[in-house]
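# Coordinates in review
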Amino acid sequence: MNQGKAGVFNWGLLATTLAVGSVGIVNLYSACRGAEVNLVGYQVLWLGFGVGLALVLNVMDYRIFDQMAYWILVVVLFLLLSVLLFGRVVNGAQRWIQLGVINIQPSELAKIAIVMAVAKYFSDESSWPENGYTILELVKPASFLYPTGAVGALILFWERIEIGQWRFVLLAICLVWAAASFIRALQIGRTTLHDLLSPVMLVLLPAILVLRQPDLGTALVLFAIAGTMILFVKVRRFSVVMVMAVLSVMTVFLLVAASSQSLEILEPHQKKRIMAFFYPESASRDDRFQAHQSEITVGSGGTWGKGWGASTQIQFKFLPEQRTDFVFPVWAEEWGFAGGLFSLTLFWLWLALSVNAASSAREKFGALVGVGCVAMIFWHIVINIGMVVGLLPVVGMTLPLWSYGGSSVIVTMTAVGFLMSISSRRHAI
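Note that this is a predicted model, so its numbers are computed, not measured.

### Digging into the environment of Leu170
Residue position: Leu170 is located in helix 7 (residues 166–188). For the pair Leu170 and Leu154, spaced 16 residues apart in the sequence, the C-alpha separation amounts to 8.5 Å.

Structure below.
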């Protein structure tokens, strides 16, 4: 394998990324009016640092991360555990680790960790099945890591499981299951790391920890990223149908959990948001406040908008979280339908150039890393914009390079750096 220097620099991807980030900063400046601290200044610093990081990754050969992938995931899992033990609580969510003046959000880092780990898993496969993977091949239900993880999940969610002393029975069953699976693995000789791991397991580990924070939106994105990568590798049609059936059942279960007073799987605000989306006619004004105000803001821009800095929803403080999850409605109100179309075109161009960079990979690991990075950016854009215009339920989801947040910017620029590195080595063998 040629580990030589980078080839042709991908100026188009870098320029489009800077264009997206610059438009985002212009919009954030308007959204941050009245803020006590200079959030725009911090965002510029984070974007500048992110560009530097992307350039460093471009110079580096992305293939060196093949051997680091699982270790990166282990470090992120440790950080996610640290959040639950020592994390900072903001608005009822425990998602940040404070290091001096810097707040780190490990759930953002989990996205890159998932991309690396899933890419590592499939690149280590001697060959991909010609007809695609089956569910059993993707899940590997016999691995003793499942019952071991179940024990950990029980401990994490112990106080939320309202079944009294039956919790101890459930814990005992999981412990016996783990011991039996371990003994069976020794008997058949399947004890290598690759034999024990599975793509589903790799995403379940961080997703459970993220759900505990709680952060439903990020957990869904982790599954979306991994799912996109798995579909790229190829899955049998019957297995896809089965997965769709399982997702349908899970959606129904989610609705039941949201409407139930006894099931404490979801946080109260998550229940309200889900019920408000599916049953808006019966939702209270407070339950639909965020979604309703967002839709009003988007619609009030008309065709050409009210002009930069003229957002009445910001002036009268109607729009919540206008600097983070709901930053796009600010743009829509001030620049109207025309501005919204322009921004969507810019995002589309960014994604198109990212796909082009990912498609230039010449080996498995690079191709999968590229697909994962594009999937991460794509799902963030789709879910965020779908959420703020009322097409999807309200979940915590940032808009890449537009929403304020250092961790989000750095992770996005890391993905761009990997795509640039892949593109620069398109001729490497």
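### Some words on the nonpolar core
If you look at the biggest cluster of nonpolar residues, it comprises 99 residues, and the most contacted ones within it are Phe122, Trp350, Val369, Trp402 and Phe418. At 14 residues, helix 16 (residues 364–388) tops the list of elements feeding residues into this core. Here Trp402 is in contact with Val20, Val23, Gly24, Asn27, Leu28, Gln43, Val327, Phe328, Trp331, Ser343 and Phe347, once residues within four sequence places are set aside.

### What to know about the side chain of Ser424
Looking at the secondary structure, you find Ser424 in helix 17 (residues 406–424). Within polar-contact distance, the side chain of Ser424 engages the side chain of Asn58 at 2.7 Å.

### A look at the pattern of salt bridges
What the rule picks out here adds up to six salt bridges. Residues Asp124 and Lys120 are paired through a salt bridge, measuring 3.2 Å at the closest nitrogen-oxygen approach. By relative accessible area, Asp124 is classed as partly exposed at 35%. Residue Glu333 pairs with Lys306 through a salt bridge whose shortest N-O separation is 2.8 Å. Here Glu333 is found in helix 15 (residues 328–358), whereas its partner Lys306 is found in the loop between helix 13 (289–299) and helix 14 (312–315), with 27 residues between them in sequence.

Rules behind the numbers
- The residue numbers shown here count from 1 along each chain, following its written sequence.
- The predicted nature of this model means local features are confined to residues of pLDDT at least 70 and side-chain atom pairs, given and counted, to a pLDDT of 80 or more, with totals for whole chains, interfaces and linings taken over all residues.
- The side-chain figures draw on all heavy atoms in the structure; neither hydrogens nor water molecules are used.
- Under the scheme used here, helices are H or I runs from DSSP no shorter than 4 residues and strands are E runs no shorter than 2 residues, and both carry numbers assigned from the N terminus.
- As used here, the term nonpolar core means buried Ala, Val, Leu, Ile, Met, Phe, Trp, Tyr and Cys residues forming a set that is joined through side-chain atoms within 4.5 Å.
- Only protein chains enter the accessibility calculation, which uses a 1.4 Å probe. A residue is then buried if its area is under 20% of the maximum for its type, exposed if over 50%, and partly exposed in between.
- We call two residues in contact whenever any of their non-hydrogen atoms come within 4.5 Å of each other.
- The term polar contact refers here to a pair of N or O atoms within 3.5 Å; inside protein, the definition further demands a hydrogen-donor-capable atom paired with an acceptor-capable atom, and it admits residues adjacent in sequence only when both atoms are side-chain atoms.
- Any Lys or Arg side-chain nitrogen found within 4 Å of a carboxyl oxygen on Asp or Glu counts as a salt bridge.

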